[in-house]
Amino acid sequence: AMGKMVSCIEIKNDFNETMVDTIKENDVASLSREDIINIMKECGIVGLGGASFPTYEKNSGNAVIDKLLINAAECEPYINNDYTILKNDESRAKFIRGVQYAMKACGAQKATIAIKKNKVALIEKLEKDLAELPNIDIYKLKDVYPAGWEKYIVQEVTKKTYKMLPSEAGCVVNNVATLYSICEAVELN
């Protein structure tokens, strides 16, 4: 993406379509921060909000992280991937488990889902699901552009700003699809 030369692997199709069982049974409750970060790395989890930044790198730093911020704003017209994940009960449950894994990975004690306030029915479902999880809350954003921009969300939710990375404001930011993918990586390898 940056135009640099990088190592690569060329994969040649043998056309045998052989199934390979890669699912490992994990006792996910016993996974350490480092275990989850390594799973993110080994499974190739990247930010699915557009930048494709390696998710494990967001969690590998030394910054003190107070909050995991979830960008569920989808500010561009016709974008509805995060909405689609959150409206389905099963995938919403995976997303919430992904939030919990990501909180452990970054060391955050709290998480906030930043979502546009016009998603009333979806917010009601999330509030019901989060009733037993007081460390995860919802922040209702105005339905304006650039409400999906990472820096805007960090400033709006935390009332802090930063120059380079959200970690300067004590945050790690992920979007809904990334957190769903973290759950699948941790639970299904």
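A few points on the structure.

Reading the values: the criteria
Residues numbered from 1 in each chain as written. Predicted model: local features only at pLDDT ≥ 70, side-chain atom pairs only at ≥ 80, totals over all residues. Heavy atoms only, no water. Helix = DSSP H or I, 4+ residues; strand = E, 2+ residues; numbered from the N terminus. Buried < 20%, exposed > 50% of the residue type's maximum accessible area, 1.4 Å probe, protein only. Polar contact = N/O pair within 3.5 Å; in protein donor to acceptor, adjacent residues only side chain to side chain. Contact = heavy atoms within 4.5 Å. Axes fitted to C-alpha atoms, helices over the stretch in contact; angles between N-to-C directions. Parallel < 35°, antiparallel > 145°, perpendicular 65-115°, else oblique. Left-handed = near helix turned anticlockwise from the far one by under 90°. Nonpolar A, V, L, I, M, F, W, Y, C, P; charged D, E, K, R; others polar.

## Remarks on unusual backbone geometry
Now for step 1: Of note, Phe15 is a non-glycine position whose phi angle comes to about 60°, a positive value.
Now for step 2: Summarising the element assignment, Phe15 is placed in the segment before helix H1 (33-42).
Now for step 3: In this structure, Lys159 takes a positive phi of about 65° despite not being glycine.
Now for step 4: Residue Lys159 is classed as exposed on the basis of its relative accessible area of 61%.

## Digging into the side chain of Ser91
Now for step 1: Its location among the elements puts Ser91 in helix H4 (residues 89-106).
Now for step 2: In terms of polar contacts, Ser91 uses its side chain to reach the backbone carbonyl oxygen of Ile85, at 2.5 Å.
Now for step 3: Contact partners of Ser91, with chain neighbours within four places excluded, come to Thr84, Ile85 and Tyr180.

## Observations concerning the packing of H1 against H4
Now for step 1: Where H1 contacts H4, the two axes come as close as 8 Å, and the packing angle between them is 115°. Viewed along their axes, H1 and H4 adopt a mutual orientation that is roughly perpendicular. As H1 runs across H4, the sense of the crossing is left-handed. Taken together, the residues of H4 that come into contact with H1 (itself represented by Arg33, Ile36, Ile37 and Met40) are Tyr101, Ala102, Lys104, Ala105 and Cys106.
Now for step 2: Here the contact of H1 with H4 is built from residues that sort into 7 nonpolar, no polar and 2 charged.

Note that all results are geometric; they support no functional claim without further evidence.
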